[in-house]
Amino acid sequence: MFSILDFVLVLLVIATVDASVPGGGGFDENYVVTWGNVLKLNQGEVQLSMDKSAGSAFESKHKFGSGFFQMRIKLPPKDTAGVVTAFYLTSKGDTHDEVDFEFLGNRDGKPIQIQTNVFNNGQGNREQKFVLWFDPSTDFHTYGILWNPYQIVFYVDKIPIRIFKNNKKYGVGYPSKPMTVIASLWNGEGWATDGGKAKINWSYAPFKANFQSFSDSGCHADGGNINAEACGSTTYYWNTIQYSRLSANETTAFKNVRAKYMKYDYCSDKRRFPVPPTECRLNQ
Ligand SMILES: *[C@@H]1O[C@H](CO)[C@@H](O)[C@H](O)[C@H]1NC(C)=O
Ligand SMILES: *[C@@H]1O[C@H](CO)[C@@H](O)[C@H](O)[C@H]1NC(C)=O
């Protein structure tokens, strides 16, 4: 006889299979919740939320020494002034290295800006801001950070929007500490939207951002230092020659997107930097 127990068992099996992600790499395998209210919809999708009491965050279990980190993100809809959604790599602490994607939130109807930054030894001040050519709150899009011995590239879907080359030999700091992958949703109304003038409208709370794609996509560096030889090895695809520079079609897309969608570049902010930082010339 097919009992109700069998039926429940079949449902359980279906549910378990459904939650598994092809190629492995579910949320619990590679990530852990570190702050606030994170709803696990299944092993392939989580939702961060923020209300007046707290924001929320999750981070990778491993630290990394190189990799190609790609997160699929759908931002909170409607009025998100002051609400920052972030996806970044950081080594934490006062002298941290960090590579950031920060969505700065917007008053309803205005385009959302993306801010990118690169820190070395606690020093950032390398902001570049972009608007997007789509509404990032209606669908998932892939935001990628490539980090290898040659360059850091910020990708939006397949399009490179920013490059930060390894110019250590010219004295330019380059992230080289083990970094954790973090995603967070938090109150940045003091600075994020219109330079901090547009505050959060709490009648839209709770704010919710969805995340997908939790595969393990870097070289593990869980000790204190990066094993440069291991994490720079071409056994990892992201260290191979085609990831050492942009391809021809990527270069075309890169130039096009920067000409049309870049809204701020520290390299051309004469007020902050009367003499542009060294890397600005070298990254050309
Ligand atoms: C917040 O949003 C609500 C709903 O759209 C609106 O009625 C209200 O005026 C807004 N508050 C502020 C301070 O803008
Ligand atoms: C460039 O070409 C490669 C190979 O055909 C493709 O995978 C990639 O998506 C292209 N990139 C852009 C930005 O069009």
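Everything numeric in this text was worked out from a predicted model, so none of it was measured.

Student: Could you give an account of the overall build of the chain, naming the residues involved and the relevant values?
Tutor: Looking only at helices and strands, the chain has 5 helices and 15 strands in total. For 284 residues, the compact-globule estimate of 2.2 N^0.38 gives 19 Å, and the chain sits close to it at 20 Å. Counting only residues that meet the buried cut, the chain has 49% of its 284 residues in that class. Here the chain displays about 14,000 Å² of accessible surface, and carbon together with sulfur accounts for 54% of that area. Of the side chains in the chain, 30 bear a positive and 27 a negative charge, and the two mean positions are spaced by 8 Å.

Student: Describe in detail unusual backbone geometry, supporting the description with residues and values.
Tutor: A negative phi angle is the norm for most residues apart from glycine, just as the trans form is the norm for most peptide bonds. For the bond from A205 to P206, the omega torsion is 0°, close enough to zero to count as cis. Mapped onto the fold, P206 is located in the loop between β12 (179-187) and β13 (207-212). At N121, a residue that is not glycine, the phi angle is positive and equals roughly 55°. Locating N121 in the fold gives a position in the loop between β7 (113-119) and β8 (128-131). Among the residues examined, N121 registers a relative accessible area of 47% and is labelled partly exposed. Of note, the phi angle at N125 is positive, near 55°, even though the residue is not glycine. Summarising the element assignment, N125 is placed in the loop between β7 and β8.

Student: How would you summarise the site of ligand 1 if you had to cite specific residues and measurements?
Tutor: Ligand 1 sits among N201, S203 and Y204. Residue S203 places a side-chain N or O atom 3.1 Å away from an oxygen atom belonging to ligand 1. One of the side-chain nitrogen or oxygen atoms of Y204 is found 2.9 Å away from an oxygen atom of ligand 1. For ligand 1, the protein covers 28% of the area, taking 360 Å² as the surface of the free molecule.

Student: Give me the lowdown on the side chain of T142, citing residues and values where you can.
Tutor: For T142, the location among the structural elements is in strand β9 (residues 141-147). A relative accessible area of 15% means that T142 is categorised as buried. Filtering out sequence-adjacent residues up to four positions away, T142 remains in contact with Q70, M71, R72, Y155, V156 and D157.

Student: Can you break down the site of ligand 2 residue by residue, with the values?
Tutor: Neighbouring ligand 2 are K158, N249 and A253. Contact between ligand 2 and N249: an oxygen atom at 2.3 Å from a side-chain N or O atom of the residue. When ligand 2 is considered free in solution it has 360 Å² of accessible area, and contact with the protein chains removes 44% of it.

Student: Requested: an account of helix α4 (residues 248-261), with residues and values cited.
Tutor: In this model α4 runs 20 Å from its N-terminal to its C-terminal C-alpha over 14 residues, within 8% of the 20 Å that 1.5 Å per residue would give. For α4, the complete set of buried residues consists of E250, F254, V257 and R258. Viewed along the axis of α4, the buried residues span an arc of 95°, placing them on a single side of the element. Facing away from the buried side of α4 by over 90 degrees, the exposed positions are A248, N249, T252, K255, A259 and K260.

Student: Would you mind going over the packing of aromatic side chains in detail, with residue names and values included?
Tutor: Counted by the stated rule, this structure contains 23 aromatic pairs. Between F101 and F154, the aromatic rings sit 5.4 Å apart at their centres with planes inclined by 85°, giving edge-to-face as the arrangement. Taken as a pair, F101 in strand β6 (residues 98-103) and F154 in strand β10 (residues 151-156) lie far apart in primary sequence, 53 residues in all. Of the two residues examined, F101 and F154, each falls in the buried class. With a centroid separation of 4.9 Å and 80° between ring planes, the pair formed by F103 and Y143 is classed as edge-to-face. You can see F103 sitting in strand β6 and its partner Y143 sitting in strand β9, a full 40 residues away along the chain. Three or more aromatic residues joined by ring pairs make a cluster, and in this case those are F68, Y155, Y236, Y237, W238 and Y243.

Student: How would you explain the confidence of the model for the chain if you had to name every residue and give the values?
Tutor: Close inspection of predicted coordinates is inappropriate for parts of the model with low pLDDT. Taken residue by residue, the chain gives an average pLDDT of 91. The fraction at 70 or more is 91%. Scored below 50 in pLDDT, residues 7-23 makes 6 contacts in the model with residues more than four places away or belonging to other chains.

Procedures and definitions
- Residues numbered from 1 in each chain as written.
- Chains lettered and ligands numbered in written order.
- Predicted model: local features only at pLDDT ≥ 70, side-chain atom pairs only at ≥ 80, totals over all residues.
- Heavy atoms only, no water.
- Helix = DSSP H or I, 4+ residues; strand = E, 2+ residues; numbered from the N terminus.
- Rg over C-alpha atoms; globule rule 2.2 N^0.38 Å.
- Buried < 20%, exposed > 50% of the residue type's maximum accessible area, 1.4 Å probe, protein only.
- Areas by Shrake-Rupley, 256 points an atom, 1.4 Å probe, with all protein chains shown as cover.
- Lys, Arg positive; Asp, Glu negative; His and termini not counted.
- Charge placed at Lys NZ, Arg CZ, Asp CG, Glu CD.
- Near = heavy atom within 4 Å.
- Polar contact = N/O pair within 3.5 Å; in protein donor to acceptor, adjacent residues only side chain to side chain.
- Contact = heavy atoms within 4.5 Å.
- Expected span 1.5 Å × (residues − 1).
- Arc of directions from axis to C-beta.
- Phe/Tyr/Trp six-rings, centres within 6.5 Å; stacked < 30°, edge-to-face > 60°.
- pLDDT = per-residue confidence, 0-100.

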